[in-house]
Amino acid sequence: MSELRALTGMRGIAAWFVVLYHIRLSIAGLPVGLRDVLAKGYLAVDFFFLLSGFVIWLSWGARLRRDGWRAVPVFLRRRVARIWPLHLVMLGLAVLLAGALALTGRGDPADYPWGELPLHIVLVQNWGFTDRLTWNDPAWSISTELAAYLLFPLLVMAIDWRRVATGWLVVVAGGLVTGLYLAMGDAPTLGTDIWRYGLVRCLFEFALGTVVCALWLRWRDRRGAMPVAIGVAAVVGVALIAGVPETLGVPALFAVLLLALALSCERAGNPLEARWMHGLGEVSYATYLGHFLLWVAFKLVFVADARAVPWWLVGLYLTMVLAASVLLYRWVERPAQRWINGKA
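Residues numbered from 1 in each chain as written. Predicted model: local features only at pLDDT ≥ 70, side-chain atom pairs only at ≥ 80, totals over all residues. Heavy atoms only, no water.

Visitor: Summarise the side chain of serine 26; cite the residues concerned and give the values.
Guide: When you line up the elements, serine 26 lands in the loop between helix 1 (5–23) and helix 2 (32–38). The contacts of serine 26, once residues within four sequence positions are left out, are Trp295, Ala306, Arg307, Ala308 and Val309. (Helix = DSSP H or I, 4+ residues; strand = E, 2+ residues; numbered from the N terminus. Contact = heavy atoms within 4.5 Å.)

Next comes the structure, spelled out in structure tokens:
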């Protein structure tokens, strides 16, 4: 099935939301209201998890059901080719940065624990083996995504959403939202103790994304489906404002918004399908995985006071992030994928 360009564009927006989340406290003169909005940037990762489940089900659900277990090695190889090479390159840069910081006596050695490096290399660092984010912080979500990829074939073989009645799919979606809320207990936000809750957060939302895809496949040609989805999203949004816990309301909201976005695909005039927006989405993985270490290095070189970075320096950093994203996509991501996938 062809790519849903609007979802790719939205992935680019989400990646930049994460970038701004990580630098928000350093931007001089940032209005309090805008800072508070950016403080919720960590929720973009929850959208990533849902979107990942959606896209993987769309691309591989029927194929794995049709071809059975013999297709699993191909699926896993392609997913590893997608996430691991760039992660390894960024981890190598983190090692160089940690070495430079150690030699100059700058930085916090606890941010680069050498004993945990093997866990990061094989992407299992956020499977309950650590108690804080270290090395390249955003890679925690890639670690949990790997777990979702490993479990996905089991989900496909256990149940075929295509054979489940629509009403029951809605019930399952509600059950996954509720299950995540219960699993996170009294955690006040989805970003609480990522090393503890990050894996379960990913698995529940990834599974929820597969259900959303199954619903979209049934409703994509129904003219009234998108207004209904938008209306439900509005109701959930009001419930969040009224005090529904973030760990319950946000996954529900994102699920309905993802459905609405998917239903909006291929509609004339959709700004998310613009060429430049699609380009941001294509390089979004490099943006997400590369911006954090670049910010650490940028502050070391250009910033005297990390609590009040002037706007022109912020603009320079954001320009560097965009340039690095394009270069990493073209010279690391794509060639590595072609090489690994071509080895089969």
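Visitor: So what about the pattern of salt bridges? Which residues, and what values?
Guide: Evaluation of the coordinates by the stated rule reveals 10 salt bridges. Ionic pairing is found between arginine 132 and aspartate 111, a salt bridge with its closest N-O pair at 2.7 Å. Here the residue arginine 132 occupies a position in the loop between helix 5 (117–121) and helix 6 (139–158), and aspartate 111 occupies one in the loop between helix 4 (72–104) and helix 5, the gap between them amounting to 21 residues. Judged by its relative accessible area of 32%, arginine 132 falls in the partly exposed class. Accessibility expressed as a relative area gives 26% for aspartate 111, which makes it partly exposed. One connected set of salt bridges, linked through shared partners, spans Arg63, Arg66, Asp67 and Arg70. (Salt bridge = Lys/Arg side-chain N within 4 Å of Asp/Glu carboxyl O. Buried < 20%, exposed > 50% of the residue type's maximum accessible area, 1.4 Å probe, protein only.)

Visitor: Explain unusual backbone geometry to me, and be specific about the residues and the numbers.
Guide: In most cases, non-glycine residues show a negative phi, while peptide bonds are predominantly trans. Not every positive phi belongs to a glycine, and leucine 123 is a case in point at roughly 60°. By the secondary structure assignment, leucine 123 is in the loop between helix 5 and helix 6. Accessibility expressed as a relative area gives 1% for leucine 123, which makes it buried. Its identity is not glycine, yet tryptophan 135 carries a phi of approximately 55°, on the positive side. A relative accessible area of 1% means that tryptophan 135 is categorised as buried.

Visitor: Help me get a handle on the environment of tryptophan 84, residues and values and all.
Guide: Among the secondary structure elements, tryptophan 84 is positioned in helix 4. Owing to a relative accessible area of 31%, tryptophan 84 belongs among the partly exposed residues under this scheme. Between the C-alpha atom of tryptophan 84 and that of glutamate 333, which follows or precedes it by 249 residues, the distance is 9.2 Å.

Visitor: Residue-level account of the nonpolar core, with values.
Guide: Soluble globular proteins tend to pack their nonpolar side chains together in the buried interior. Judged by nonpolar contacts, the single largest core of 94 residues is most densely connected at Leu7, Phe54, Leu64, Leu86, Phe152, Trp216 and Leu258. For this core, the element with the highest residue contribution is helix 3 (residues 44–67), accounting for 13 residues. Sequence-distant contacts of leucine 64, that is, excluding residues within four places in its chain, are made with Ala71, Val72, Phe75, Phe152, Pro153, Val156 and Met157. Counting 15 residues, the second largest nonpolar core, distinct from the first, contains Ile23, Trp295, Val314 and Val321. (Core = buried A, V, L, I, M, F, W, Y, C linked by side-chain atoms within 4.5 Å.)

Visitor: Would you mind going over a nonpolar patch on the surface in detail, with residue names and values included?
Guide: A cluster of nonpolar side chains, contributed by Val80, Trp84, Leu88, Ile121 and Val122, occupies part of the molecular surface with about 360 Å² of accessible area. With three residues, helix 4 is the single largest residue contributor to the nonpolar patch. (Patch = residues over 30% accessible without salt bridge, like charges linked within 9 Å, V, L, I, M, F, W, Y side chains within 5 Å. Areas by Shrake-Rupley, 256 points an atom, 1.4 Å probe, with all protein chains shown as cover.)

Visitor: Quick rundown of the packing of aromatic side chains? Include the residues and the values.
Guide: Here the distance between the centres and the angle between the planes together describe a pair of aromatic rings. This structure, assessed with the given rule, holds 17 aromatic pairs. Both rings, one in tryptophan 57 and one in tryptophan 161, keep their centres 6.4 Å apart while their planes meet at 45°; by these two values the pair is tilted. With tryptophan 57 in helix 3 and tryptophan 161 in the loop between helix 6 and helix 7 (166–183), the pair connects residues that are 104 residues apart, well separated along the chain. The two residues tryptophan 57 and tryptophan 161 agree in class, both being buried. Summarising the aromatic geometry, the rings of phenylalanine 75 and phenylalanine 152 are spaced 5.4 Å apart at their centres and angled 40° between planes, so their arrangement reads as tilted. Linking phenylalanine 75 in helix 4 with phenylalanine 152 in helix 6, this pair joins segments that are 77 residues apart in sequence. Just as phenylalanine 75 is buried, phenylalanine 152 falls in that class too. By the ring-pair criterion, three or more aromatic residues cluster together here, those being Trp57, Trp60, Phe75, Tyr149, Phe152, Trp161 and Phe206. Over the face of the ring belonging to tyrosine 149 we find arginine 79, whose NZ or CZ atom lies 4.8 Å from the ring centre. Arginine 220 extends its terminal NZ or CZ atom over the ring of tryptophan 216, reaching a point 5.2 Å from the ring centre. (Phe/Tyr/Trp six-rings, centres within 6.5 Å; stacked < 30°, edge-to-face > 60°. Lys NZ or Arg CZ within 6 Å of the ring centre and 35° of its normal.)

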